[in-house]
Amino acid sequence: MTNAGIRLNPHVAALPPYNAGMNIAVARKLSGRDEIAALASNENPHGCSPKVRAALAGLDPSRYADPACVALRAALGAKLDVAPERIVVGNGSEEMIAAICRAVLQPGATVVTVSPGFGLHEIEALANGASVVKVAMAEDLGFDIDAIVAAMAEKPAIVFLSSPSNPVGPALDHAGLSRMLAAVPKETLFVLDEAYFEFTDGDTPDGLKVLRDTALAHVVLRTFSKAYGLAGLRVGYAVVSDERLARTMTSAKTPFNVNAAAQIAAVAALEDEEWMHRSVAAVKAERERMAAAVAAMGLFAPKSQTNFLFLDVRRDSQAAMDHFLSEGIIVKPWKEKGFETFVRVTVGSSAENDRFLAALGRWLTA
């Protein structure tokens, strides 16, 4: 029995739940099916590089991981042409979002993000006592640059923006990103979440390269969970505009936050970029095939630069999820106000995508 007299942190107690994808074991139990197509969490259907599996064979789990992630930060620094002192590594990029908020936000601060958007950009800000301004995406679900620029004029402490967008899919173009960066106040930390950058087409701006030529306080977030297939090991990283901010973010996270297996796997993944590029190319080809099939059904899905589609299924998304689950397919129903008829579906293997498209057809005719 809990002590009803304890005082809870009101900022945390009131947080909205994070909309996580359903676990495969739960899906098997609920659907009664053994073969599950897990298309809710944007995992890589090709797994990870064989070099990662080979590297993990040498792991000694009795030893603590390097708390400073020296080898991994050095490898990232060499790949990205960034000083390792400006790289902070976390237990997924989610931990980096939390560290940013802890490092920067003070009582009364304001954070700007977009809607629909990645839940933790809002949740972590609220957990630190900030108020959150959510700028609606444009009617076509592209970025409303004018509205974002107007929100930044109020000098928020942080702007969180994912490009490509999670959950919508489009990426900022060069003109849009340039307009936005020109409007960032000097008091504002601009956080560009590029978790899906590897899946973009060739004309999408590279936030790291664009921001390094500015004087703005900024963070670029990336991850090993998607393109590199390391979702279960949780490795994300932040490339930070200056060492002072990097040190403060490091202080805001827990020690030994990235486990030994994750560090070994991430270094090995960077040593096999060829595997990653082949995997991404296959996912992008399937993404375009799925998008064409969805369009042929007369359904709306914004152009995606990620490994998923954000799809208007025209009826309640929870009912749609139940329909797909009954066929052994996990999708993510979207729950933000105004988007209750949308689901987010991961680009899986060719066979999984065929299953999804067939089930979608049956949903439309039900």
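Computed from a prediction, not measured in an experiment: that's the story for all the values here.

A. Quick peek at the nonpolar core. Leu 72, Val 89, Phe 190, Phe 224, Leu 230, Phe 356 and Leu 360 are the most contacted members of the largest nonpolar core, which totals 80 residues. Sequence-distant contacts of Val 89, defined by excluding residues within four places in its chain, comprise Cys 69, Leu 72, Arg 73, Leu 76, Met 96, Val 235, Gly 236, Tyr 237, Lys 253, Asn 257 and Val 258. With 27 residues, the next largest nonpolar core counts Ala 125, Ile 158, Ala 238 and Leu 245 among its residues.

B. Region of interest: the side chain of Ser 31. By the element assignment, Ser 31 lies in helix 2 (residues 24-31). In this structure the side chain of Ser 31 is engaged in a polar contact, spanning 2.7 Å, whose partner is the backbone oxygen of Ala 27. A distance of 3.1 Å separates a polar side-chain atom of Ser 31 from the backbone nitrogen of Arg 33. With residues near it in sequence (within four places) discarded, Ser 31 still touches Ile 36 and Leu 325.

C. Inspection of the pattern of salt bridges at higher detail. With the rule as written, the count across this model stands at 20 salt bridges. We note a salt bridge from Lys 134 to Glu 336, for which the minimum N-O separation is 3.4 Å. Of this pair, Lys 134 sits in strand 4 (residues 131-136) while Glu 336 sits in the loop between strand 11 (332-333) and strand 12 (342-346), and the two are 202 residues apart along the sequence. Taken together, the salt bridges that share partners define one network made up of Asp 201, Lys 284, Arg 287, Glu 288 and Lys 303.

D. Looking closely at helix 14 (residues 350-365). Compared with the 22 Å implied by 1.5 Å per residue over 16 residues, the 23 Å span of helix 14 between its first and last C-alpha is a close match. Every buried residue of helix 14 is accounted for by Asn 353, Phe 356, Leu 357, Ala 359, Leu 360 and Trp 363. Projected onto a plane normal to the axis of helix 14, the buried residues spread over an arc of 165 degrees and lie on a single side. Exposed residues lying more than 90 degrees from the buried face of helix 14 are Ala 351 and Thr 365.

E. Structural context of the packing of aromatic side chains. With the rule as written, the count across this model stands at 10 aromatic pairs. Taking the centre distance of 5.8 Å and the plane angle of 55 degrees together, the rings of Phe 224 and Tyr 237 count as tilted. Of this pair, Phe 224 sits in the loop between strand 7 (218-223) and strand 8 (236-240) while Tyr 237 sits in strand 8, and the two are 13 residues apart along the sequence. For Tyr 237, a relative accessible area of 3% translates into the label buried. On the numbers, 6.4 Å between centres and 40 degrees between planes, the contact of Phe 310 with Phe 339 is tilted. With Phe 310 in strand 9 (residues 308-312) and Phe 339 in the loop between strand 11 and strand 12, this pair connects stretches of sequence that are 29 residues apart. Take Phe 310 and Phe 339: they sit in the same class, and that class is buried. An aromatic cluster of at least three residues, connected via ring pairs, comprises Phe 300, Phe 310, Trp 334, Phe 339 and Phe 342. A cation sits over an aromatic face here: Arg 315 above Trp 363, 3.8 Å from the ring centre.

F. Molecular detail of the sheet that holds strand 11. Pairing is antiparallel in the open sheet, where 3 strands are placed in the order 9-12-11. Two strands lie at the open edges of the sheet, namely strand 9 and strand 11, each paired on one side alone. Pairing of strand 11 with strand 12 involves 2 bridges; the strand directions are antiparallel. Opposite Pro 333, over in strand 12, you have Val 343 as the bridge partner.

G. Region of interest: unusual backbone geometry. Cis geometry is adopted by the peptide bond preceding Pro 164, which originates at Ser 163 and carries an omega value of 0 degrees. Going from Asn 166 to Pro 167, the amide bond is cis rather than trans, its omega being 25 degrees. Structurally, Pro 167 is set in the loop between strand 5 (158-162) and helix 8 (174-182). Look at Phe 256: it is not a glycine, yet its phi comes out positive at around 55 degrees. Looking at the secondary structure, you find Phe 256 in the loop between helix 10 (243-251) and helix 11 (260-270). For Phe 256, a relative accessible area of 40% translates into the label partly exposed. Although it is not a glycine, Arg 314 adopts a positive phi angle of roughly 75 degrees.

H. Expanded view of the sheet that holds strand 2 (residues 87-90). With mixed pairing, 7 strands are arranged side by side in an open sheet as 2-8-7-6-5-3-4. Two strands lie at the open edges of the sheet, namely strand 2 and strand 4, each paired on one side alone. The average undirected angle you get between the axes of adjacent strands in this sheet is 20 degrees. Where strand 5 and strand 6 (residues 189-193) come together, 5 bridges link them in parallel fashion. Of the residues in strand 6, the one forming a bridge with Ile 158 is Leu 189. Its contacts with the sheet place helix 10 against strand 2, strand 6, strand 7 and strand 8, and it is angled at close to 150 degrees to strand 8.

Thresholds, definitions, all that
Residues numbered from 1 in each chain as written. Predicted model: local features only at pLDDT ≥ 70, side-chain atom pairs only at ≥ 80, totals over all residues. Heavy atoms only, no water. Core = buried A, V, L, I, M, F, W, Y, C linked by side-chain atoms within 4.5 Å. Buried < 20%, exposed > 50% of the residue type's maximum accessible area, 1.4 Å probe, protein only. Contact = heavy atoms within 4.5 Å. Helix = DSSP H or I, 4+ residues; strand = E, 2+ residues; numbered from the N terminus. Polar contact = N/O pair within 3.5 Å; in protein donor to acceptor, adjacent residues only side chain to side chain. Salt bridge = Lys/Arg side-chain N within 4 Å of Asp/Glu carboxyl O. Expected span 1.5 Å × (residues − 1). Arc of directions from axis to C-beta. Phe/Tyr/Trp six-rings, centres within 6.5 Å; stacked < 30°, edge-to-face > 60°. Lys NZ or Arg CZ within 6 Å of the ring centre and 35° of its normal. Pairing = 2+ DSSP bridges. Axes fitted to C-alpha atoms, helices over the stretch in contact; angles between N-to-C directions.

Honestly, it's all geometry; don't read function into it.
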